[in-house]
Amino acid sequence: MRNHFPVRPRPKADESIYGFLIRIAKKNGFFFIKDIFKVLGLKYYPSSLDVTHERFYEFIEELAPALRCSPKEMFKTLTKNTEHLRDASRIVINITSQSPKICTGCLSEHEPYIKASWQMIHFTHCEQHLTTLIDTCRGCGNKLRWDADLLNGCSLCGYRWERPNTALVQKIPMYQAIHSNLEHDTLKVYLIALFAAVEYIANPCVFVPFQAKYFKMDTVELSSILFQAYGLIQNSFYLTQFHRSVVSYLDKEYCFTDKSSLQKLPHNLRALPKLPISLPKGDHFQFKLLDESNCYTSALSLSQAALLLNISGTELTEITKQLSLPVGKASRIAVYQLKDLDAFANSFMARAVFVEGKHDTIPITSLSSLSHKFLFNYGEALKLICNNNVTLYREKEATLFKDIRVDKHELMKLLKVSEEKQFERLLSPSELAIYFNVNILKLRTMAELLRWKKVQVSRNSYQFTPNAIKTFIKDFVVLEKWCDFQLYGKVPLNKYLLSEGFKPLANPYEEKCKLFIYMKSDALLDAIAQFETHWHKAQPPRILRQRFEIQKPTVLSDSASQQFQGRCTV
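These notes cover the structure that comes with them. Keep in mind that what you see is a predicted model, and the values were worked out from it rather than measured.

**Digging into the packing of aromatic side chains**
And then number 1: Inspection of the entire model under this criterion finds 30 aromatic pairs.
And then number 2: Considering the side-chain rings of tyrosine 190 and tyrosine 230, the 6.5 Å spacing of their centres and the 70 degrees angle between planes classify their relative orientation as edge-to-face. Remark: tyrosine 230 occurs in helix H7 (residues 219–234) and tyrosine 190 occurs in helix H6 (residues 184–202); sequence separation between them is 40 residues. Each member of the pair, tyrosine 190 as well as tyrosine 230, carries the same accessibility label: buried.
And then number 3: On the basis of an interplanar angle of 80 degrees and a centroid distance of 5.0 Å, the ring pair of tyrosine 435 and phenylalanine 436 is categorised as edge-to-face.
And then number 4: For tyrosine 435, a relative accessible area of 2% gives the class buried.
And then number 5: Members of the aromatic cluster, connected to one another through ring pairs, are Phe423, Tyr435, Phe436, Trp452, Tyr462, Phe464, Phe472 and Phe476.
And then number 6: The lysine or arginine in question, lysine 481, covers the ring of phenylalanine 374, its NZ or CZ lying 5.9 Å from the ring centre.
And then number 7: One cation-aromatic arrangement involves lysine 512 over tyrosine 509; the distance from NZ or CZ to the ring centre is 5.9 Å.

**Quick word on the nonpolar core**
And then number 1: If you look at the biggest cluster of nonpolar residues, it comprises 87 residues, and the most contacted ones within it are Tyr190, Leu194, Leu232, Leu250, Leu367 and Phe401.
And then number 2: Sort the elements by how many residues they give to this core and H6 lands first, with twelve residues.
And then number 3: Once you skip the residues sitting within four places of it in the chain, phenylalanine 401 turns out to touch Phe256, Leu309, Phe344, Ala345, Phe348, Met349, Ile364, Thr365 and Tyr378.
And then number 4: In this structure, Cys69, Ile102, Ile114 and Cys126 belong to the second largest nonpolar core, which totals 39 residues.

**Considering unusual backbone geometry**
And then number 1: We note that asparagine 389 has phi near 50 degrees; this positive angle belongs to a residue other than glycine.
And then number 2: In this structure asparagine 389 comes out as exposed when scored by relative accessible area, which is 60%.
And then number 3: The backbone phi angle of asparagine 437 is positive, close to 60 degrees, even though this residue is not glycine.
And then number 4: Inspection of the secondary structure puts asparagine 437 in the loop between helix H16 (429–436) and helix H17 (440–450).

**Description of the pattern of salt bridges**
And then number 1: Tallied over the entire structure, the rule returns 13 salt bridges.
And then number 2: Residues lysine 143 and aspartate 135 are paired through a salt bridge, measuring 2.8 Å at the closest nitrogen-oxygen approach.
And then number 3: Here lysine 143 falls in the partly exposed class, since its relative accessible area comes to 41%.

**Observations concerning a negative patch on the surface**
And then number 1: The grouping of Glu54, Glu58, Glu61 and Glu62 at the surface amounts to a negative patch.
And then number 2: Within the element layout of this structure, glutamate 61 appears in helix H3 (residues 54–66).

**Digging into the state of the cysteines**
In protein chemistry, a disulfide is the covalent bond that joins the sulfur atoms of two cysteines.
And then number 1: The final tally for this structure, using the stated rule, is zero disulfides.
And then number 2: Here cysteine 140 stays free of any disulfide, with the sulfur of cysteine 157 as its closest cysteine sulfur at 3.8 Å.
And then number 3: By relative accessible area, cysteine 140 is classed as partly exposed at 32%.

**Section: the side chain of asparagine 377**
And then number 1: Along the chain, the position of asparagine 377 falls in the loop between helix H13 (368–371) and helix H14 (378–387).
And then number 2: Reaching out from asparagine 377, the side chain makes a polar contact with the backbone nitrogen of glycine 379 at a distance of 3.0 Å.
And then number 3: Leave out the neighbours within four places in its chain, and asparagine 377 touches Glu318, Ser371 and His372.

**Describing the sheet that holds strand S8 (residues 405–407)**
And then number 1: If you walk across this open sheet you meet the four strands as S5-S7-S8-S6, and the pairing is mixed. Looking at strand neighbours, the two that pair on one side only are strand S5 (352–354) and strand S6 (361–363), the edges of this open sheet. Averaged over all pairs of adjacent strands, the angle between their axes in this sheet comes to 40 degrees, without regard to strand direction.
And then number 2: Bridge count between strand S7 (residues 392–394) and S8: two bridges; the pairing is antiparallel. Counted as the bridge partner of leucine 392 is valine 406 from S8.

Conventions and cut-offs
- Residues numbered from 1 in each chain as written.
- Predicted model: local features only at pLDDT ≥ 70, side-chain atom pairs only at ≥ 80, totals over all residues.
- Heavy atoms only, no water.
- Phe/Tyr/Trp six-rings, centres within 6.5 Å; stacked < 30°, edge-to-face > 60°.
- Helix = DSSP H or I, 4+ residues; strand = E, 2+ residues; numbered from the N terminus.
- Buried < 20%, exposed > 50% of the residue type's maximum accessible area, 1.4 Å probe, protein only.
- Lys NZ or Arg CZ within 6 Å of the ring centre and 35° of its normal.
- Core = buried A, V, L, I, M, F, W, Y, C linked by side-chain atoms within 4.5 Å.
- Contact = heavy atoms within 4.5 Å.
- Salt bridge = Lys/Arg side-chain N within 4 Å of Asp/Glu carboxyl O.
- Patch = residues over 30% accessible without salt bridge, like charges linked within 9 Å, V, L, I, M, F, W, Y side chains within 5 Å.
- Areas by Shrake-Rupley, 256 points an atom, 1.4 Å probe, with all protein chains shown as cover.
- Lys, Arg positive; Asp, Glu negative; His and termini not counted.
- Charge placed at Lys NZ, Arg CZ, Asp CG, Glu CD.
- Disulfide = S-S within 2.5 Å.
- Polar contact = N/O pair within 3.5 Å; in protein donor to acceptor, adjacent residues only side chain to side chain.
- Pairing = 2+ DSSP bridges.
- Axes fitted to C-alpha atoms, helices over the stretch in contact; angles between N-to-C directions.

Pasting the structure below:
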């Protein structure tokens, strides 16, 4: 085998893998790490120096013999200090610095080498010289790079490393010092907590649990944040106060939601595993709350954004589609920004008319309870309100999206007029079940009995073509749907119709599922109207009011409303 490396150094116990390779390169007249791969006849990949990747094993199998060294011993030495560099359960998987960090004092000594611990991003000081580690050249200000000249100076400007005259700190920061006192699972939990705290401080308004492969923050900025991050995980009172300052900032900055909803948003430290030890207090810790003068990027998941608007995640998805609410994507997760939610809510708030004590209105967040009865989802109902300039209301002091209200009778009238347009598309079983006020089993029985045509829209779901359903609605009365706008139920109405000689639709599946469907006719409608009049007259006003309070119907039909008012108005 050709001797590519006349000088064959051995890795030191605490030496960085990258540092060891540039030491080999320097002693043998090479400059870059890639040169070593080229000499060995290997193609360089970043994963080749990842101790968890099979390419690293392949690389060591080639490198060790070239250095007259045992692959097993070399692998053991180089991986000794890499156990916690990568952790898939951490918010930052790889806590290795992406550019070299060095101590100029250590590299000014006789046998300079780069320590593995320096490359961990929470190691900011040299424990021997008590100086700050650097990742930029003091001569030209450029980022340092992994080349053979790094051991003596900057290859870009020629600046040479010098031993510092005095120590820059009296003591190593506790966030770094505690690392040396922990091991195994305790150290793992500590690093999970520390970097979750760092991320929370850096992005306090990001509530989606993003996971990063590497840490991208500037070293100088990170150093100041680490003190605060350690304080968060060491002092539970400080964590509580810091979170309160975040909520207070959001409450002042955005008007569409309330403080109680904001307090429910989870932060990175809420669900962390508990540290098995008590952390000592940091010497340089200063109690800092959120700087409200800064402008922070926000990010919320679908469920979090829906919570702030006081609607469901499905309803927010419908809004996004119908009203083009901005939404981003991160790791296949829908991500919303607070500023977009605020602008959306304010567009409706600006249209709302001031009014005190107006009755017969429903909150804008409760539209689905009425719109689904006419085949409109929440987003479609909001769009219908916007396109038809339906008047919105709010009390003078109201500022929240959930405080906006709409006249339910005006809305129902608009939904009725627009309902026919909904029969121009395929209809899903779930929305038809809500429309007819029946459970899904009964809806499927109706579809089978009436032979509604199915269209397979995916591997596991189907929808119905609208024509047969539209004809069915024109020709039949479903008592469950009819009674959805009444105070009485389908059972007494069905009993009355049977006594009057009306026959329900023949149902061969009677034992499986009972149906309350009647052929529509003037005689049937007259009989129902007569039953309605007699039923209301038979109910004492007190009982009617109790029924109304218990059932809390979204809206009553015009005839039912008149009957109720006639009996209960004093």
